[in-house]
Amino acid sequence: MPVRQMKESSEQHLVIKTHLQNPMNPAKKAPKAAQNGKGPPPQENHSQISPHPRNKGRRRGRSGRKSDQGDVLMRPSCRPCTVTSTANGNVENGCISGDIDVGFPTSSKSLSFARRPGYGQVGTKCVVKANHFFAELPDKDLNQYDVTISPEVASRTVNRSIIAELVRLYKESDLGMRLPAYDGRKSLYTAGQLPFTWREFNVKLVDEGDGVNGSKREREYRVVIKFVARANLHHLGQFLAGKRADAPQEAIQILDIVLRELSNKRYCPIGRSFFSPDIRTPQRLGEGLESWCGFYQSIRPTQMGLSLNIDMASAAFMEPLPVVEFVGQLLGKDVLSRPLSDADRIKIKKALRGVKVEVTHRGSVRRKYRVSGLTSQPTRELVFPVDENSTMKSVVEYFQEMYGFTIQNTHLPCLQVGNQKKANYLPMEACKIVEGQRYTKRLNEKQITALLKVTCQRPRDRENDILRTIQQNAYDQDPYAKEFGIKISEKLASVEARILPAPWLKYHESGKEKNCLPQVGQWNMMNKKMINGMTVSRWACINFSRSVQDSVARTFCNELAQMCQISGMEFNPEPIIPIYNAKPEQVEKALKHVYHVSANKTKGKDLELLLAILPDNNGSLYGDLKRICETDLGLISQCCLTKHVFKITKQYLANVSLKINVKMGGRNTVLLDAVSCRIPLVSDIPTIIFGADVTHPENGEDSSPSIAAVVASQDWPEVTKYAGLVCAQAHRQELIQDLYKTWHDPVRGTVSGGMIRDLLVSFRKATGQKPLRIIFYRDGVSEGQFYQVLLYELDAIRKACASLEPNYQPPVTFIVVQKRHHTRLFANNHRDRNSTDKSGNILPGTVVDTKICHPTEFDFYLCSHAGIQGTSRPAHYHVLWDENNFTADGIQSLTNNLCYTYARCTRSVSVVPPAYYAHLAAFRARFYMEPDMQENGSTVGGNAGHSSKGTRVNGECGVKPLPALKENVKRVMFYC
C-alpha cells in the first residue's frame, strides 16, 4: 500500500501543587418559617442593624467551632504556621479578635467539608420522585487485583477482549468459578478471593480482518494477575449510616464498575454513559452526523443508602456512511462531478481527522484505519516508490493491479491513514466510516437545534424512558450483579420535598405596583418602574445590517427609548449623532468613527451608550464589537439582531431595557427583605456575595486558554449589583489562578493584587464599608475537584483579605454550584396540575435535602425556576465550607430568593445569579482574545485581564494577559 513518512508529535503535561486549611460545622437549629402572606410583609425601620444574639453566641468569634482533634478554638489565618490555642475568642462590632493562629494544611486529608447542620423546614411539604434507584449493599467480600498485560495495549476495548478470553478459558479452573469485573485498565475485582494471590496467564487473541490479503493475525498476550487489597464494606455501611465522614471511594468504585460491566459489552460506552442505535432509531443531524440515544449510569452514596442514578442521554455520532457520501453531505454538494476547492479540502480534513474508516475494496476483509490527513493532490496525480530502486507507481495503478479495484473518482484527494511515522494512501471511494464513533467537535447551529429536538423530553416521557431503561437493563438478571450480590430496585425513589415561597420584590415608589409577589417563578414590568432607573443622555446607534433601512432603525430606536422611559429610566429620545451605517468587515473603523464624532459633538463628554444593530448571522462581528468597546474604547454597548428590529415586541423591548439599565449601573428590582434588612446572615453586617466560574475551550481545541471570571456584589444590603473581572489561564486549568497575586514592582517592591482583592476594594468604595462576611458561590467544579478547589481558592481569599488590613479575616461560606449532574425530579402525580407548572415540571422553589442527598455533608437540590420546555434540571448546591453557621433554611432560602434578582428578565433563574453572571462574564471574555492567543496556547494563560496595568506577565507560567477592561466597564454589569 502507498506509504509516505510523517513527523512525530509531542505532548506537554501540567502539574499543580496546592496548600491550605480548615474546621467543621456543628449541628444548627432551623429557623422559623418565613412569612409569605397575600400582601407584602410589614416594613421595619432599622437605624442600626446588629447580629441576632443567637448568632453571636453560636459563632463565638467565628472561632468557636470544634476540630476533629478536640476542643481547640480556631481562627483561620492566611499564613502557614503551627496551631496554638487559647481559651477565648469573640466578635466585637463586627471585628474578629482572639489569639488563635491556624496554618493551612498541606494535605486534603486534614480538611473536612461542612457537615449538614440539620434539615430545612421552611416551605410547603410535598413528595417528588427522583431518578435514583435503591441499591442493596452486598454482603460479600470485594477483592481488588492488579492486571498487567504484555505487550501493553492502549485500547480499553482490546484489554476487555483479552480479559474476556482469559475468563472464558480459565473461569472453571484457575479462577475458581469466579466471574470478575474489569475496569479496562489495571484493576480486576472479584466477589470472594481467587485461588491464588499471583498468577501468570497466556492468552491468544485474533485480530479480526487484520493482516495482508485477508489473513487473520493471532497475537499472544501475557497477563499477570496479582492480589492488591480487600474493600472494606463495613466502612461503607458506616458512611452510608452517617457514622463516618470519609467515603470509602474504593468500595463505591468497585460496585460502580460491576454494574457497568454488562453494559460495556452491550453498548458503546462514552464516559459514564452508554449509547446504541438500537435503543432508539438514530435521527439525522445533517452534514454526516446522527444522534444516538443512550443512558447515563452512576452509583452514588446517599442518605437512603447506595443509589443507582439513571438518566437519559443523547450524543452526536458519525453516520456509518461511505466516505464519498459523507463528504457530499458535509459540503452540501455533489462531489463526484465538481472539483474541490482549497476551502473544501480544509473542511474535509478537519471533519475526518482522527475518524476510523474501514476499507470496502477487499471483499470480506474490513481492515480499519484512523484518518490522519488528506492529500493535497488529487488521486490521479499521486505516485509512490514501490521498490528500493525508487520505481514509481501511481495510486490508481496500484489499486487496479493489487486488488482489481478501479478508482472512478480520481479527481478526489486520498485519505492519509496510519500512525505518526508513516501514512498510507486510501482512495475515498474505497472507505466507509466505522459505526459507533462519537463526534466530539463543535456542532453548527442547525445540528444543535436538531439534537435539542431529540433530547428535549417532557417530564412524563423522560420518566417513562428511565423506567423502561431500568427494566431493559434487567439488573436482577445481570450475571455480574448476581455474582457480587447487588440488588437494584426498579422503582423511582420517592423523596420528601418542600416548595419555598417566592420572595417579595421591591420596585420604585412612582409606579402603580410598588411591590410584587412572583407567581410560579415569573412576573412582568406592567405598572412597575425600575427601583433605580439610570439616565442616558448621550447615546448613538450604529447599523451593521444592510437590510435595515434608516427609517426602520429610527423607528426601532424610538420605541426602545420610549420603553426605557416607561420602565423608569431617563432616556434621551434622540441620539447625539444620526444613525451611522457601516459594513461588518469594518467594525473597528466604524466604532472609532462614531466614538470620535460623538466626543466632538459633546465637547469631550463620554458617550454613555452605543446601540448596535447586527445581522442575524453575524459571524465574528458581535465578539469583535464587544472586544473593541470594552477593552479599547470604554463603551457600554447593547446589540440587537435584525429580526427583532423588523418584528418589534413589547416583551423584547422590556427585556432590552432591563439589560441597558444594569449596564448603566442601575438596579431593576431588589428583594423587599433586603431593603427591610430581614435576610439572616446578610442584613446584619456588611456582606459581599461572590460568584466564580471557569469556562474551558471546546473539545478539539488543544491549546486555547481557559477563562476565569469572578463577580461580586457592590451594594449592601440590597446585594443586587455585581461588578465582574476576568482573566485567561492555562488550558483546562480549573483552579482560578488570579484570585490573589503578588508581583515585584521596581519602585513599590512586592505588590498585592488579584480579582478578590480588587473586588473587596471596589465594594468598600461603593458602599463605604468593608465586607464583614463573604459568601462565595463557585460554579463548574466536579466532585473530584472539591478538595483541590477549596484548598487553593479559600487560601487565596484569606490572603487577599489579609493583604488589605492586618487581622482582616471575614468569615467565609464557600458553596459549589453544579448543573452538570444527572438527578432529575418529577411530580409525584403528573395529572395533579397544582403540583406542576405549565410545562409539567415541578414547581419553582422545590428543594430537596433528604434521601438522595449526601449522607453527612451540607448539600441540597433546588429547582428555582419554572420550566419552559423539556425536563427541568435542579441545581445542586454543596456547602463545602461554612464559617457563618448558616442553617439549612438560611442558605436554601437565600439562594432561592437571589434567583429572583437576575437582571436580564422577569423570571426566576435556574442558577443563583452571581454564579450565572460569572459564567456570562467568562463567556464574554473569550471574545477578548486576540487571534494569536486563540491559536497558540504557549502565549496565553492566567493573568488578570482586569488589571488596569494590562501588561504584567505571570512569572510562574509566562503567560500573556487578556486585554484590560476599561475602568468604567468593569464597574458595571457589562456582561448582561
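Structure report, in brief.

**Concerning the overall build of the chain**
Here is step 1 of the chain: In terms of helices and strands, the chain carries 22 helices and 45 strands.
Here is step 2 of the chain: A buried classification covers 54% of the 976 residues belonging to the chain.
Here is step 3 of the chain: When contacts within the chain are restricted to residue pairs at least 6 apart in sequence, those whose partners lie at least 24 apart make up 72%.
Here is step 4 of the chain: Summed over its atoms, the accessible surface of the chain is roughly 43,600 Å², and 47% of this surface lies on carbon and sulfur atoms.

**What to know about the side chain of aspartate 745**
Here is step 1 of the chain: Structurally, aspartate 745 can be placed in strand S37 (residues 741-745).
Here is step 2 of the chain: Despite its burial, aspartate 745 pairs with no opposite charge; the closest candidate is arginine 748, at 4.1 Å N-O.
Here is step 3 of the chain: At 2.9 Å, the side chain of aspartate 745 forms a polar contact with the backbone nitrogen of valine 747.
Here is step 4 of the chain: Only 2.9 Å separates the side chain of aspartate 745 from the backbone nitrogen of arginine 748, close enough to count as a polar contact.

**A look at the side chain of glutamine 737**
Here is step 1 of the chain: Among the secondary structure elements, glutamine 737 is positioned in the loop between strand S36 (722-729) and S37.
Here is step 2 of the chain: Engagement of the side chain of glutamine 737 in a polar contact is seen with the backbone oxygen of leucine 735, the distance being 3.1 Å.
Here is step 3 of the chain: Those residues in contact with glutamine 737 that sit more than four places away from it in its chain are Gln729 and Tyr792.

**Re the pairing of S37**
Here is step 1 of the chain: The two faces of S37 differ: Lys741, Trp743 and Asp745 on one face are buried, but Thr742 and His744 on the other face are not.
Here is step 2 of the chain: Taken together, the 5 bridges between S37 and strand S38 (residues 749-753) define a ladder with antiparallel strand orientation. The residue bridging histidine 744 from the neighbouring strand is threonine 750, located in S38.
Here is step 3 of the chain: Between S37 and S38, which pair antiparallel one after the other, the connecting turn spans 3 residues.

**Side note on helix H9 (residues 459-473)**
Here is step 1 of the chain: Compared with an ideal rise of 1.5 Å per residue, which puts 15 residues at 21 Å, H9 spans 21 Å between its outermost C-alpha atoms and is within 8% of the ideal.
Here is step 2 of the chain: Looking at H9, one finds that the buried residues are Pro459, Arg462, Glu463, Asp465, Ile466, Thr469, Ile470 and Asn473. Buried residues of H9 fall within an arc of 160° about the axis and therefore sit on the same side.
Here is step 3 of the chain: At the C-terminal side of H9, alanine 474 shows a positive phi close to 45°.

**Description of the sheet that holds strand S32 (residues 637-641)**
Here is step 1 of the chain: With parallel pairing, 4 strands are arranged side by side in an open sheet as S30-S28-S31-S32. Edge strands, defined here as strands with exactly one partner in the open sheet, are strand S30 (580-581) and S32.
Here is step 2 of the chain: The sheet contact formed by strand S28 (residues 539-543) and strand S31 (residues 609-614) spans 5 bridges and is parallel. Looking at the pairing, isoleucine 542 lines up with alanine 612 of S31.
Here is step 3 of the chain: Across the sheet, helix H12 (residues 587-601) touches S28, S30 and S31, and the angle it forms with S28 is around 155°.
Here is step 4 of the chain: The sheet contacts of helix H15 (residues 650-663) involve S31 and S32, and relative to S32 the element is tilted by about 160°.

**Some words on the nonpolar core**
Here is step 1 of the chain: Of all hydrophobic cores here, the largest spans 91 residues; its most connected members are Ile660, Tyr777, Tyr877, Tyr917 and Tyr975.
Here is step 2 of the chain: Those residues within four positions of tyrosine 917 in sequence are excluded, and the remaining contacts are Val711, Tyr722, Thr901, Tyr902, Ala903, Met973, Tyr975 and Cys976.

**Side note on the sheet that holds strand S25 (residues 505-506)**
Sheet strands pair by backbone hydrogen bonding; their relative direction is either parallel or antiparallel.
Here is step 1 of the chain: One open sheet accounts for 3 strands, arranged S26-S25-S33; its pairing is antiparallel. Both outer strands of the open sheet, strand S26 (515-516) and strand S33 (670-671), are each paired with one neighbouring strand and no more.
Here is step 2 of the chain: Judged from the 2 bridges that link them, S25 and S33 form a sheet pairing that is antiparallel. Of the residues in S33, the one forming a bridge with lysine 506 is valine 670.

**Some points on the packing of helix H11 (residues 550-567) against H15**
Here is step 1 of the chain: The contact between H11 and H15 brings their axes to 9 Å, and the two run at 65°. As the angle between them shows, H11 and H15 are arranged roughly perpendicular. Classified by chirality, the crossing of H15 by H11 is right-handed. Contact residues: H11 offers Phe556, Glu559, Leu560, Met563, Cys564 and Ser567, while H15 offers Lys650, Tyr652, Leu653, Ala654, Val656, Ser657 and Ile660.
Here is step 2 of the chain: In the contact of H11 with H15, the residues fall into 9 nonpolar, 2 polar and 2 charged.

**Notes on the environment of aspartate 758**
Here is step 1 of the chain: Mapped onto the elements of the fold, aspartate 758 is located in helix H17 (residues 755-767).
Here is step 2 of the chain: Using a relative accessible area of 30% as the deciding quantity, one classes aspartate 758 as partly exposed.
Here is step 3 of the chain: Separated by 42 residues in sequence, aspartate 758 and alanine 800 place their C-alpha atoms 8.8 Å apart.

**Considering the packing of aromatic side chains**
Here is step 1 of the chain: Tallied over the full model, the rule gives 27 aromatic pairs.
Here is step 2 of the chain: With centroids separated by 5.5 Å and ring planes inclined at 90°, the aromatic side chains of tyrosine 267 and phenylalanine 295 adopt a geometry described as edge-to-face. A residue pair is termed long-range when its members are at least 10 positions apart, and tyrosine 267 in the loop between helix H4 (249-266) and strand S11 (268-270) and phenylalanine 295 in strand S14 (residues 289-302) qualify at 28 residues. You'll find tyrosine 267 and phenylalanine 295 in the same group, each marked buried.
Here is step 3 of the chain: For the ring pair tyrosine 902 and tyrosine 917, a centre distance of 5.5 Å and an interplane angle of 20° mean the geometry is stacked. Of this pair, tyrosine 902 sits in the loop between helix H19 (888-898) and helix H20 (913-925) while tyrosine 917 sits in helix H20, and the two are 15 residues apart along the sequence.
Here is step 4 of the chain: Of the residues examined, tyrosine 917 reaches a relative accessible area of 0% and is grouped as buried.
Here is step 5 of the chain: By the ring-pair criterion, three or more aromatic residues cluster together here, those being Tyr722, Tyr902, Tyr916, Tyr917, Phe974 and Tyr975.

**Topic: unusual backbone geometry**
Here is step 1 of the chain: Going from serine 150 to proline 151, the amide bond is cis rather than trans, its omega being -5°.
Here is step 2 of the chain: The residue proline 151 is located in the loop between strand S6 (142-150) and helix H2 (156-170) in this model.
Here is step 3 of the chain: With omega at 15°, the peptide bond leading from tryptophan 716 into proline 717 counts as cis.
Here is step 4 of the chain: For proline 717, the position within the fold is in the loop between strand S35 (706-713) and S36.
Here is step 5 of the chain: For asparagine 527, which is not glycine, the phi torsion reads 65° and is therefore positive.
Here is step 6 of the chain: Looking at the element boundaries, asparagine 527 is found in the loop between S26 and strand S27 (535-536).
Here is step 7 of the chain: The partly exposed category is assigned to asparagine 527, whose relative accessible area is 40%.

**Here we look at the environment of alanine 922**
Here is step 1 of the chain: Residue placement: alanine 922 occurs in helix H20.
Here is step 2 of the chain: Along the sequence, alanine 922 and aspartate 693 sit 229 residues apart, while their C-alpha atoms lie 7.1 Å from each other.
Here is step 3 of the chain: Apart from the residues lying within four places of it in its own chain, the contact partners of alanine 922 are Thr695, Ile707, Ala709 and Val726.

**Topic: the pattern of salt bridges**
Here is step 1 of the chain: For the coordinates displayed, the defined rule picks out 38 salt bridges.
Here is step 2 of the chain: For lysine 592, the salt bridge identified is with glutamate 588, shortest N-O distance 3.1 Å. Placement of both lysine 592 and glutamate 588 in helix H12 is noted, with a separation of 4 residues, approximately one turn of the helix.
Here is step 3 of the chain: Residue class for glutamate 588 comes out partly exposed when judged on its relative accessible area of 38%.
Here is step 4 of the chain: Note that aspartate 795 and lysine 799 form a salt bridge whose closest N and O atoms lie 3.3 Å from each other.

**Thoughts on helix H5 (residues 323-331)**
Here is step 1 of the chain: Buried residues dominate H5, accounting for 7 of its 9 residues.
Here is step 2 of the chain: Buried within H5 we find Val323, Val324, Phe326, Val327, Gly328, Leu330 and Leu331.
Here is step 3 of the chain: Those residues of H5 hidden inside the fold are in contact with strand S15 (305-318), helix H6 (342-352), strand S16 (356-359), strand S20 (413-417) and strand S22 (431-433).
Here is step 4 of the chain: Just downstream of H5 lies glycine 332, where phi reads positive at about 70°.

What counts and how
- Residues numbered from 1 in each chain as written.
- Predicted model: local features only at pLDDT ≥ 70, side-chain atom pairs only at ≥ 80, totals over all residues.
- Heavy atoms only, no water.
- Helix = DSSP H or I, 4+ residues; strand = E, 2+ residues; numbered from the N terminus.
- Buried < 20%, exposed > 50% of the residue type's maximum accessible area, 1.4 Å probe, protein only.
- Contact = heavy atoms within 4.5 Å.
- Areas by Shrake-Rupley, 256 points an atom, 1.4 Å probe, with all protein chains shown as cover.
- Lys, Arg positive; Asp, Glu negative; His and termini not counted.
- Salt bridge = Lys/Arg side-chain N within 4 Å of Asp/Glu carboxyl O.
- Polar contact = N/O pair within 3.5 Å; in protein donor to acceptor, adjacent residues only side chain to side chain.
- Pairing = 2+ DSSP bridges.
- Expected span 1.5 Å × (residues − 1).
- Arc of directions from axis to C-beta.
- Axes fitted to C-alpha atoms, helices over the stretch in contact; angles between N-to-C directions.
- Core = buried A, V, L, I, M, F, W, Y, C linked by side-chain atoms within 4.5 Å.
- Parallel < 35°, antiparallel > 145°, perpendicular 65-115°, else oblique.
- Left-handed = near helix turned anticlockwise from the far one by under 90°.
- Nonpolar A, V, L, I, M, F, W, Y, C, P; charged D, E, K, R; others polar.
- Phe/Tyr/Trp six-rings, centres within 6.5 Å; stacked < 30°, edge-to-face > 60°.

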